[in-house]
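Summary of the model geometry
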Amino acid sequence: MPLEVRKTWLDQVQEEIVDPDRRIVDPHHHFFVPGGAFPAYDLTALHADTGTHNVQKTVFMQCWEGYRASDPEHLQCVGETEWVDAISKEAAKTPDAAQVAGIIGTAELRAGAAVREVLEAHQTASDLFRGIRLAAAWDPDENIMRMPTIENADLYADPKFREGFKVLDEMGLVFDAYHYHPQTPALADLARAFPNVNIVLDHLGTPLGIGAYANKSEIFGTWQKGIADIASCDNVHIKLGGLAMPWNGFGYDDAPVPPTSDQLVSDQKDYYHYAIDAFGPERCMFESNFPVDKCAVSYTVLWNAFKKMAGPYSAAEKDHLFWGTAYKVYSLD
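This report concerns the structure included in the present document. All figures in this text were calculated on a predicted structure; none of them were measured in a lab.

Time to look at the pattern of salt bridges. Oppositely charged side chains can form a pair if their charged atoms are brought close together. Inspection of every chain in the model, using the stated rule, returns 18 salt bridges. Among the salt bridges present, the one from Asp-202 reaches Arg-133, with a minimum N-O distance of 3.3 Å. Here Asp-202, found in the loop between β6 (199-201) and α7 (216-231), pairs with Arg-133, found in strand β4 (residues 129-133); they are 69 residues apart in sequence, far enough to count as distant. Its relative accessible area of 4% is what places Arg-133 among the buried residues. Note that Lys-160 and Glu-163 form a salt bridge whose closest N and O atoms lie 3.3 Å from each other. Remark: Glu-163 and Lys-160 occur in helix α5 (residues 159-171); sequence separation between them is three residues, near one turn of the helix. One continuous salt-bridge network, built from bridges that share partners, spans Arg-133, Asp-176, Asp-202 and Lys-239.

We now examine the packing of helix α8 (residues 261-279) against helix α9 (residues 299-309). Between α8 and α9, the shortest axis-to-axis distance is 9 Å and the interhelical angle comes to 50°. Taken as axis vectors, α8 and α9 run oblique relative to one another. Our pair here, α8 against α9, has a crossing hand that is right-handed. Note on element contacts: α9 touches α8 through Val-301, Leu-302, Asn-304, Ala-305, Phe-306, Lys-308 and Met-309, opposite Ser-261, Asp-262, Leu-264, Val-265, Lys-269, Tyr-272 and His-273. Per-class residue counts for the contact of α8 with α9 are eight nonpolar, three polar and three charged.

Criteria and cut-off values
Each chain has its residues counted from 1, running along the sequence as written. Selection of residues for local features in this predicted model requires a pLDDT of at least 70, selection of side-chain atom pairs for listing and counting requires 80 or more, and totals for whole chains, interfaces and linings are taken over all residues. Heavy atoms throughout the structure, all of them, feed into the side-chain values; hydrogens and water do not. The working definition used for a salt bridge is a side-chain nitrogen of Lys or Arg within 4 Å of a carboxyl oxygen of Asp or Glu. A helix here means a DSSP run of H or I that spans at least four residues, while a strand means a run of E at least two residues long, and both kinds are numbered starting from the N terminus. Per-residue accessibility, obtained with a 1.4 Å probe over protein chains only, is compared with the maximum for each type, and a residue is labelled buried under 20%, exposed over 50%, and partly exposed between these values. Axis definition: a line fitted to C-alpha atoms, over the contacting stretch in the case of helices. Angles run 0 to 180 degrees between N-to-C directions. Angular relationships are summarised with four words: roughly parallel below 35 degrees, roughly antiparallel beyond 145, roughly perpendicular across 65 to 115, and oblique for the angles in between. Note: crossing handedness is left-handed where the near helix turns anticlockwise from the far helix by less than a right angle, and right-handed where it turns clockwise. For this analysis, residues touch if any pair of their heavy atoms sits within 4.5 Å. Under the convention adopted here, Pro, Cys and the residues Ala, Val, Leu, Ile, Met, Phe, Trp and Tyr are nonpolar, Asp, Glu, Lys and Arg are charged, and Gly plus all remaining residues are polar.

What follows is the structure, encoded as structure tokens:
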């Protein structure tokens, strides 16, 4: 499902920055090179977006870029960490702009105990390496995007995956989890099996909203049950964002005008407030998911919506949501 950033279309909605002095860690963005399935996004583009709000630090999230084709296949993914480490050094030349302060790479956990070699290579490649994401998103509906190398919805229960997950536990690394909402119970089972691993649930657990999941009220109830269950796992944190993708079913990318922050709040606030109430602000962090969500909403509008949704919370709770949780989980020195 190719995605496109349409600047002229996004520019139809202009807003003043809400709470402009609020310090922010954006714990979830990507870099993409031109010519792929996702819109190109480099450091210049990141700084143009993060410069609209007071974003001081970011965390890069794996996206299958920068691989070292000359290496053995299982080590090629280490090239992504090296690539982003070089970008972080370039960002450091502009100290007043957002700094890439953490890197989440990837590794094939289904290699079992042998994955340690790959994880150690990531650590050697960059001091910013904090852990991995092995995206598990898969659904029987062929119209919903499936992750590369994933053949079914049962990755978290795979015995070899769990053997590799034990290495994450032993090395004290973070695991970012990207899957669709019907898979959340399986992640909760994994979290209970490895209570010492810091797990971050991406994109509010990605509630689907198309195809068989088009009935949002029905899906919301199923999603709530999964969130309530996994929130009982103290080692799981949750990212608040990522709901502007086509498979979430809000239809923003097909609208004649992009959403305003007020529209985002109206459409999505129930998801955000339920998750914050379930996890507590100290285990929640707002995320941009850029440039993927940029296909539907601008950075200015998105973070304005987050700030409006955070309105009912105390100053200390807001600092967790925008800064402290991400800073702690990803050890952003």
